[in-house]
Amino acid sequence: MPNPLRIASKTSIGAVCAALVLLCADTALLQTAMAEEAPPEKRPQAWYPRTETIGPDEMFVVALGTGMPTPITRAQKSTAWYVELGNGDIFLFDVGSGSAENLFALRPDFHRVDKIFASHLHTDHVGDAPVVWVGGWLSGRYRPLHIYGPSGAEPALGTAAYVEGLKKTYAWDIAGRSGILPDAGGQLIAHEFDYKQDGGVVYEANGVKITSFPAVHVIDGPVSYRLEWNGLSFVFGGDSAPNKWFIEHAKGADFVIHEMFYTPKGLETALGFPPRQATIVSSYIHTPPSGFGKIMAEVKPRLAVGYHTIRQPELDQMMLEEVRKVYDGPLVIADDLMAWNITKDAIAQREVVSAERVQAPPTTQGYKTAPRSGQASYSEYIDAGKWPGYTPPPLPEP
Ligand SMILES: [Zn+2]
Ligand SMILES: [Zn+2]
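Here we summarise the structure given alongside this text. (Residues numbered from 1 in each chain as written. Chains lettered and ligands numbered in written order. Predicted model: local features only at pLDDT ≥ 70, side-chain atom pairs only at ≥ 80, totals over all residues.)

## Observations regarding the overall build of the protein chain
Spelled out, the test is: For the purposes of this entry, the term helix denotes a DSSP run of H or I that reaches at least four residues, the term strand denotes a run of E that reaches at least two, and both are numbered from the N terminus. A radius of gyration in this sense is built from C-alpha atoms; the matching globule rule multiplies 2.2 Å by the number of residues raised to 0.38. Remark: C-beta atoms are placed from the backbone, and a residue is labelled buried if 20 or more other C-beta atoms sit within 10 Å of its own, exposed if 12 or fewer do, or partly exposed between those counts. We call two residues in contact when their backbone-placed C-beta atoms lie within 7 Å.
When helices and strands are tallied, the protein chain shows 15 helices and 16 strands. Against the 2.2 N^0.38 benchmark of 21 Å for 398 residues, the protein chain shows a C-alpha radius of gyration of 23 Å, consistent with a compact globule. Referenced to the eigenvectors of the C-alpha coordinate spread, the extents of the protein chain come out at roughly 70 × 60 × 45 Å. Classification of the 398 residues of the protein chain by burial places 39% in the buried group. Contacts in the protein chain between residues far apart in sequence, at least 24 positions, make up 67% of those at least 6 positions apart.

What follows is the structure, given as structure tokens:
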């Protein structure tokens, strides 16, 4: 790597800053220096991890996953949305397969990444929950991870059963980290609520209120969410055919996300589905672009956000033509790592620029000193297999 000071002598201060961002992105000094609170519309289009703070009245949203369960691509992971508020809270809405990669790309303070709201239990919406559970624990979370999600038509199909299943599946993983990592960070806590509630409050703390309402998707259970904070509203539609609850509860919100699935023809082309299968999937258990447009024409958000396809120019064209027949308001088809700074005055769209090989962000004093009890151990049989030719360094005091 070139010496940044040498660059400085030949080029501009901007180049120095760029070099320093790369070299010293974790220093508090740099974060303070870069945290000038310009209004969202004046921020640079690129958003670099750990170089900005969010304004006290601002909402910051990142699309972590906007794609499909099949295929998951390098460019687009399955559904996940990151929401950070000016009060310091962080929420994840869905954590679909592959999306943790983009979460880590943001290098967030993992002690604050402790709440997941699941729209439904398809793998393309919750597949990376165990990755966030264990990966976040290793990367700075020293408190439990909370998963909020709906019940199902029977207890075995609800979020609580899903979480219990994860604990059973990863019993060996969790047991092996005990005593080495903070105790509480290994806990996974389910908050299951009735999927039928029509706008009921499922979370309320620190000035944030989140309500849930049903969706129409495959079988009973899926829901969508509305988050309200500081006069700003964010609506996240999980998978659904067009439904009456979404129209009612999303109405007039600032930032409204709803799936915008393939047209039947697009699905035939992209995935090779036969016509009947393509129509059922596109238009009976999902929402094709024409349905998305009609929904947004009713809801009239400040920004309508569609997702849940693999972006390709010809498919984008097909989708936009359908949507624009019925909706002419503000619109974006989301792609992974698009980001938005949202205030009452502006919604600024930006792009996350992140390293391919990210390191975990710095942990806090709270993480370093959090209680660690017990100690994973071997049987005498395995312990006796340690090679006497190797002596590990002495253990530091706890
Ligand atoms: Zn689904
Ligand atoms: Zn889906």
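Additional details are given in the paragraphs that follow.
## Points about the pairing of strand β16 (residues 347–352)
Put simply, the rule reads: Strands are treated as partners if at least two bridges between them are detected by DSSP.
Judged from the two bridges that link them, strand β1 (residues 46–47) and β16 form a sheet pairing that is parallel. Residue pairing for β16: Trp47 is matched across the bridge by Val352. The pairing of strand β15 (residues 338–342) with β16 spans five bridges and is classified as antiparallel. Across the sheet, the residue bridging to Asn341 is Ala348, located in β16.

## Description of the nonpolar core
Defined as follows: Definition of nonpolar core: a set of buried Ala, Val, Leu, Ile, Met, Phe, Trp, Tyr and Cys residues joined via C-beta atoms within 7 Å.
One finds Val61, Trp81 and Val83 to be the most contacted residues of the largest nonpolar core, which totals 79 residues. Those residues in contact with Val83 that lie beyond four places of it in its chain are Met59, Val61, Phe91, Phe93, Leu227 and Phe234.

## Some thoughts on the packing of helix α12 (residues 289–299) against helix α13 (residues 313–324)
Selection rule: Inter-axis angles, ranging from 0 to 180 degrees, are taken between N-to-C directions of lines fitted to C-alpha atoms, where helices are fitted over the stretch in contact. The labels follow the angle: roughly parallel below 35 degrees, roughly antiparallel above 145, roughly perpendicular from 65 to 115, and oblique for the rest. Crossings are assigned a handedness: left-handed for a near helix turned anticlockwise from the far helix by less than a right angle, right-handed for a clockwise turn.
The interhelical angle for the contact between α12 and α13, taken along N-to-C directions, is 40°, at an axis separation of 7 Å. Comparing the axis directions of α12 and α13 gives the class oblique. When the axes of α12 and α13 are compared, the crossing they make is right-handed. The residues of α13 that touch α12, namely those facing Pro289, Ser290, Phe292 and Gly293, are Met319, Glu322 and Val323.

## Brief notes about the sheet that holds strand β13 (residues 303–307)
Sheet strands line up and pair through hydrogen bonds in the backbone, either parallel or antiparallel. Taking strand neighbours across the sheet as the criterion, the seven strands line up as β8-β9-β10-β11-β12-β13-β14 in an open arrangement whose pairing is mixed. Two strands lie at the open edges of the sheet, namely β8 (200–205) and β14 (331–333), each paired on one side alone. Strand-to-strand twist in this sheet, taken as the mean axis angle between neighbours without regard to direction, amounts to 15°. Strand direction decides the pairing type here: strand β9 (residues 208–214) and strand β10 (residues 223–229), joined by seven bridges, are antiparallel.

## Section: the sheet that holds strand β6 (residues 145–150)
In spatial order, the strands read β1-β16-β15-β2-β3-β4-β5-β6-β7; together these nine strands make up an open sheet with mixed pairing. One side of each edge strand has no neighbouring strand; the edge strands of this open sheet are β1 and β7 (188–193). Contacts from helix α7 (residues 159–169) reach β6 and β7 within the one sheet, and its direction differs from that of β7 by about 165°.

## As for unusual backbone geometry
At Asp94, a residue that is not glycine, the phi angle is positive and equals roughly 70°. Mapped onto the elements of the fold, Asp94 is located in strand β4 (residues 90–95). Positive phi values are uncommon outside glycine, yet His308 reaches one of about 90°. By C-beta crowding, His308 is classed as buried, having 28 other C-beta atoms within 10 Å.

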